Amino acid sequence: MTAYRIATIPGDGIGVDVTAEAVRVLDAVLPGIAWTEFDWSCEQYLRTGAMMPSDGPHQLAGFDAILLGAVGFPGVPDHISLWGLLIPLRRAFGQYVNLRPVRLLPGTTSALRGRTAEDLDILIVRENSEGEYSDIGGKHNPGRPDEFVLQQSVFTRVGCERIIRYAFDRARERCRTLCSATKSNGLIHSMPYWDSIVEEIAADYPDITVRHMHIDALAAEIVLHPDRLDVIVGSNLFGDILSDLAAAVTGGLGLAPSGNIDPTRTAPSMFEAVHGSAPDIAGQGIANPVAQILAGAMMLDQLGEKAAATAVDRAVCDVLDKGATLTPDLGGTATTSDLGNAIADRAAELVAST
């Protein structure tokens, strides 16, 4: 059995609560993981002026993967937590894929009336290293009547080609349909460029049906006709917005995992729940750990531990479907640890039976 070295960054708020349960579940299916915890967080920022040490990426470089909780704390602006921890790690490790699967899990109900699990199973492939999330720009003429800011987007051929090709490969594994999020009628340079690269790469995948949809129409499509969608590829901003919307209609952010992935496997990938730190319920034992546990399953899959990943995924589905151990957001009275324990026990049973 391979001995993996995994770094955990529980972060702030419920990130601490749910990461503990994900670790519990992963230990149940793959004993022997060597965990190392880093206390990098917004609270550390308030104490030291930095979310993580300047050599943070160097400290993490030797790990096989990273399990991130959530960051965010009252008094710390969101752009501080994003640019102080998440974006530097994503870019230092070449994690240019942000993979966000969204589906309706057993025992849960969609916000959309009458929709079933067959209708709601979408894989969102988000570009994770450039696009609209750029630090190029700034404030000019501060304090004057003609004060203004500039925010520049960056779309490189390398960045666009690699994420679009990755999405086509995922579509080939699934239902062979791909929808590209665009806004080429309003963004005169970046989105026509993106669209042209989608068309170039589509020529290499004649078996894939390709659609281009403006981001506003695509948001409506997720609500009105989610069954028409399978793999969606989008820029950094578009993929971020669409994945939160899709998670909301498939049961809520408490059920949605994500992975920041280096497909070359030359650096550690980082896995996290889509939800934030929810400081208003932190430490109360009522946070839903499912998204973080499923992020752990994605991590196992990326590490090549397919059987263990499948056991975790099935355990989550079995426990939710049974409905006896649900946190308040799912209509139950169970605590965070109750649900984590139930999933860990079921996952251990599944591993033992194989």
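Residues numbered from 1 in each chain as written. Predicted model: local features only at pLDDT ≥ 70, side-chain atom pairs only at ≥ 80, totals over all residues. Heavy atoms only, no water.

- Per an unreviewed UniProt entry, the recorded name for the protein chain is D-malate dehydrogenase (decarboxylating), and the organism is Nocardia donostiensis.
- Quoted straight from UniProt, the Sequence similarities (unreviewed entry) entry for the protein chain says "Belongs to the isocitrate and isopropylmalate dehydrogenases family."
- Per UniProt, the comment on the protein chain under Catalytic activity (unreviewed entry) is "(R)-malate + NAD(+) = pyruvate + CO2 + NADH". (UniProt positions renumbered as here; feature names shortened; annotations may be inferred.)

Section: the overall build of the protein chain
Inference 1: Of regular secondary structure, the protein chain possesses 11 helices and 12 strands.
Inference 2: Over its C-alpha trace the protein chain gives a radius of gyration of 20 Å, about what one expects of a compact globule, namely 20 Å for 354 residues.
Inference 3: Along the first, second and third principal axes, the C-alpha set of the protein chain runs to 60 × 50 × 40 Å.
Inference 4: Counting the 354 residues in the protein chain, one finds 51% classified as buried.
Inference 5: The long-range share in the protein chain, meaning contacts at least 24 apart out of those at least 6 apart in sequence, stands at 74%.
Inference 6: Element-wise, carbon and sulfur atoms account for 53% of the exposed surface of the protein chain, whose accessible area totals about 15100 Å².
Inference 7: The average position of the 27 basic charges and that of the 45 acidic charges among the side chains of the protein chain differ by 4 Å. (Helix = DSSP H or I, 4+ residues; strand = E, 2+ residues; numbered from the N terminus. Rg over C-alpha atoms; globule rule 2.2 N^0.38 Å. Buried < 20%, exposed > 50% of the residue type's maximum accessible area, 1.4 Å probe, protein only. Contact = heavy atoms within 4.5 Å. Areas by Shrake-Rupley, 256 points an atom, 1.4 Å probe, with all protein chains shown as cover. Lys, Arg positive; Asp, Glu negative; His and termini not counted. Charge placed at Lys NZ, Arg CZ, Asp CG, Glu CD.)

Regarding helix H10 (residues 306-322)
Inference 1: Helix length check: H10, at 17 residues, gives a terminal C-alpha distance of 24 Å against a target of 24 Å (1.5 Å per residue), a fit within 8%.
Inference 2: Those residues of H10 that fall on the buried side of the exposure criterion are Ala-308, Ala-309, Ala-311, Val-312, Ala-315, Val-316, Cys-317, Val-319 and Leu-320.
Inference 3: At its buried positions, H10 is contacted by helix H1 (14-29), strand E4 (97-103), helix H9 (290-302) and helix H11 (336-353).
Inference 4: Following H10 by one or two positions, Gly-323 has its phi on the positive side, about 80°. (Expected span 1.5 Å × (residues − 1).)

Examining the packing of helix H5 (residues 157-173) against helix H6 (residues 190-202)
Inference 1: Running from N to C, H5 and H6 point in directions that differ by 50°, and their axes come no closer than 10 Å. With respect to H6, the element H5 is oriented oblique. As H5 runs across H6, the sense of the crossing is right-handed. In this structure, H5 uses Arg-157, Cys-160, Glu-161, Ile-163, Ile-164, Arg-165 and Phe-168 to contact H6, whose residues at the interface are Tyr-193, Trp-194, Ile-197, Val-198, Glu-200, Ile-201 and Ala-202.
Inference 2: Looking at side-chain class alone, the contact of H5 with H6 contains 10 nonpolar, no polar and 4 charged residues. (Axes fitted to C-alpha atoms, helices over the stretch in contact; angles between N-to-C directions. Parallel < 35°, antiparallel > 145°, perpendicular 65-115°, else oblique. Left-handed = near helix turned anticlockwise from the far one by under 90°. Nonpolar A, V, L, I, M, F, W, Y, C, P; charged D, E, K, R; others polar.)

Thoughts on the sheet that holds strand E10 (residues 231-234)
Strands pair in a sheet through their backbones, by hydrogen bonds, and they do so in one of two ways: parallel or antiparallel.
Inference 1: Strands sit in the order E2-E1-E3-E12-E11-E4-E5-E10-E8-E9 across an open sheet of 10 strands; the sheet is mixed. Here the strands that pair on one side only, and so sit at the sheet edges, are strand E2 (34-37) and strand E9 (209-214). Going across the sheet, the axis of each strand differs from the next one's by a mean of 20°, ignoring polarity.
Inference 2: Examined bridge by bridge, strand E5 (residues 121-127) and E10 share 4 bridges and lie parallel to one another. Note on E10: the bridge partner recorded for Val-125 is Val-233.
Inference 3: Across the sheet, H5 touches E4, E5, strand E8 (177-182), E9, E10 and strand E11 (257-261), and the angle it forms with E5 is around 165°.
Inference 4: Together, strand E1 (5-11), E2, strand E3 (65-70), E4, E11 and strand E12 (269-273) form the strand contacts of H9, whose direction differs from that of E12 by roughly 160°. (Pairing = 2+ DSSP bridges.)

Re H11
Helical geometry: 3.6 residues make up each α-helical turn, so side chains three or four residues apart lie on a common side.
Inference 1: In this model, H11 (18 residues) spans 26 Å end to end at C-alpha, consistent with the 26 Å of a helix rising 1.5 Å per residue.
Inference 2: Every buried residue belonging to H11 is among Thr-336, Leu-339, Gly-340, Ala-342, Ile-343, Ala-344, Ala-347 and Leu-350, and all of these are buried.
Inference 3: In this fold, the buried residues of H11 make contact with H1, H9 and H10.

Details of the pairing of E2
Inference 1: In this sheet, E2 lies alongside E1 in parallel orientation, the contact comprising 4 bridges. When the bridges of E2 are listed, Arg-5 appears paired with Ala-34.
Inference 2: Chirality of the crossover, the property in question, places the unit of E1, H1 and E2 among those that are right-handed. (Right-handed = clockwise from strand over helix to strand, strands pointing away.)

Side note on the domain arrangement of the protein chain
Inference 1: Assigned domains of the protein chain: these are domain 1 (1-98 + 253-353) and domain 2 (110-250).
Inference 2: Between domain 1 and domain 2, the C-alpha centre-to-centre distance is 24 Å.
Inference 3: Contacts between the two partners involve 14 residues from domain 1, matched on the other side by 17 residues from domain 2.
Inference 4: For the interface between domain 1 and domain 2, the tally reads 0 salt bridges.
Inference 5: At the boundary of domain 1 with domain 2, the tally comes to 6 residue pairs in polar contact (both at pLDDT 80 or more).
Inference 6: Elements with a minimum of two residues in the side of domain 1 that touches domain 2: helix H4 (78-92), E4 and E11.
Inference 7: At 3 residues, H4 tops the list of elements feeding residues into the side of domain 1 that touches domain 2. (Domains from an automatic or database assignment. Salt bridge = Lys/Arg side-chain N within 4 Å of Asp/Glu carboxyl O. Polar contact = N/O pair within 3.5 Å; in protein donor to acceptor, adjacent residues only side chain to side chain.)

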